[in-house]
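Chain residues, written in single-letter form:
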Amino acid sequence: MDNFTFYSPTYFVFGKDEEKRAGSLVKRFGGSRVLIHYGGGSVVRSGLLDRVKKSLDEAGLYYTELGGVKPNPRSGLVYEGIDLCRKEKIDFVLAVGGGSTIDSSKAIAAGTVYDGDFWDFYSGKLVEKALPIGTILTIAAAGSEGSPDSVITNENGMFKRGATGEAYRPAFSILNPELTCTLPPYQTACGITDIMAHLMERYLTNTKDVVTTDRMIEALMLAMIEEGPKAVQNPQDYEARANIMWAGMMAHNNSCGVGRSQDWNSHNIEHELSALYDCAHGAGLAVTFPAYLGYVYKHDVDRVAQLAVRVWGCKDDPDNREAVALEGIEKLRAFSKSIGMPVTLGELGGKEEDIPKLADVCCNGDGRDGFLYGFDRLSEEDVANIYRQMI
Ligand code: NZQ
Ligand code: ZN
């Protein structure tokens, strides 16, 4: 196991009706003038936004609001939010929604207290300072409620990049599984796929002797395989929603990823799909992950076969680990299909003629050096081949 530092100071509040505590929690973490940031309207329709405002009113807090975050959140709204926060002297950003809203909130929180262009953080600069952020999560998926990360789409070129830094860890996150019961089956399945991808990105490691985190990842994946389909079939299943919501946080706050190298090539390859075709990130991952694994498994057949045996229930064959690994990849693809996810580029609206452009932006865009580095090093040609595997 490698050396590591792990600091995850988010205060989690989990369960029914806990959004009523939003006002007192903002106060507890030093907020007095709040920006409430939200998406395209689901929190308005569900009545959640009104409940949150009531809670802030009861706590005697000043607030202003900015809605309109789109899935795959855009740079334009971030600039708007930064201007608003400066004008209103905002000292706390409260995200009410999914990963896109939380990520947009994080970008606004960092940009408000930074003299330069907030995009610097999405070009590699570490986020060391930001306004405190609180989240009220409405979809179990991205894990941004516990992560030090944010992903934004640059509208000047339509490409997606991530930023990271401890200042991006939320001060508090309210997780009420009931809020996720209004999610339609497709969006639920996208979330399940993203959570499983966050686990697999960590499983694909080159670090030896990481039994504890291997076993944690396997346990969370098994829980998702058990609980995920229940929520897709019955959106009102509170217990399934609750199990998925906590798994989503655990999958991405990095407790399963410490002390080991991680992959993230699938996420980088997918980000170009959701940036160009504006598909859901989870749907893009359902297409990307099996294609990617089918291309790279030979880098460490035993590891991919181990995942197949321990998570997908494949029978081990020490004389033919390659067949075991390939069977596991097929089971992953079948699971995605069974919960209604796409598995081909065409289903995302993708076209074969776009592949050279996708691979170019992925490997060379915004300062990259022509390669992706992760489980294995991938050239632009490798990445183009992986996109071709999705056809
Ligand atoms: O915008 P509204 O109207 O709220 O509707 C949203 C949106 O259309 C809807 N929705 C959310 N909660 C709902 C609901 N509809 C009904 N009932 C509810 N309770 O769902 C749609 C998707 O929302 P979004 O926030 O985009 O979903 P998600 O949480 O999957 O976030 C995806 C974004 O997170 C990034 C992705 O790249 C993508 O941009 N990621 C962020 C990460 C991080 N910060 O750590 C890591 C991830 O790997 C990921 O890359
Ligand atoms: Zn993801």
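Rules of the game
Residues numbered from 1 in each chain as written. Chains lettered and ligands numbered in written order. Predicted model: local features only at pLDDT ≥ 70, side-chain atom pairs only at ≥ 80, totals over all residues. Heavy atoms only, no water. Near = heavy atom within 4 Å. Polar contact = N/O pair within 3.5 Å; in protein donor to acceptor, adjacent residues only side chain to side chain. Areas by Shrake-Rupley, 256 points an atom, 1.4 Å probe, with all protein chains shown as cover. Nonpolar A, V, L, I, M, F, W, Y, C, P; charged D, E, K, R; others polar. Axes fitted to C-alpha atoms, helices over the stretch in contact; angles between N-to-C directions. Helix = DSSP H or I, 4+ residues; strand = E, 2+ residues; numbered from the N terminus. Parallel < 35°, antiparallel > 145°, perpendicular 65-115°, else oblique. Contact = heavy atoms within 4.5 Å. Pairing = 2+ DSSP bridges.

Draft legend 1. Expanded view of the site of ligand 1. Within the structure, ligand 1 sits among 32 residues, and Gly40, Ser42, Ser100, Lys160 and His198 are positioned closest to it. Here an oxygen atom of ligand 1 sits 3.1 Å away from a polar atom, N or O, in the side chain of His252. One nitrogen or oxygen atom from the side chain of His267 is found 2.8 Å from an oxygen atom belonging to ligand 1. Burial of ligand 1 by the surrounding chains reaches 88%, relative to a free accessible area of 960 Å². Taken together, the residues that form the shell around ligand 1 break down as nine nonpolar, 19 polar and four charged.

Draft legend 2. Structural detail: the packing of helix α6 (residues 185-203) against helix α7 (residues 211-233). Between α6 and α7, the shortest axis-to-axis distance is 10 Å and the interhelical angle comes to 170 degrees. Taken together, α6 and α7 sit at an angle that is classed as roughly antiparallel. Facing Pro185, Thr188, Ala189, Ile192, Ile195, Met196, Leu199, Met200, Arg202 and Tyr203 of α6, the residues of α7 in contact are Asp214, Ile217, Glu218, Leu220, Met221, Met224, Ile225, Gly228, Ala231 and Val232. The residue makeup of the contact of α6 with α7, split by class, is 15 nonpolar, two polar and three charged.

Draft legend 3. Structural view of the sheet that holds strand β2 (residues 33-38). The sheet built from six strands is open, its strands ordered β1-β8-β5-β4-β2-β3 with parallel pairing. Whereas interior strands pair on both sides, the edge strands pair on one side only; in this sheet they are β1 (11-14) and β3 (62-66). With direction set aside, neighbouring strand axes in the sheet form an average angle of 15 degrees. Where helix α4 (residues 75-88) meets the sheet, it contacts β2 and β3, and its direction lies at approximately 160 degrees from that of β3.

Draft legend 4. Structural view of the side chain of Ser104. Of note, Ser104 is situated in helix α5 (residues 99-112). When residues no more than four places from it in sequence are discounted, the contact partners of Ser104 are His37, Val69, Pro73, Val78 and Ile152.

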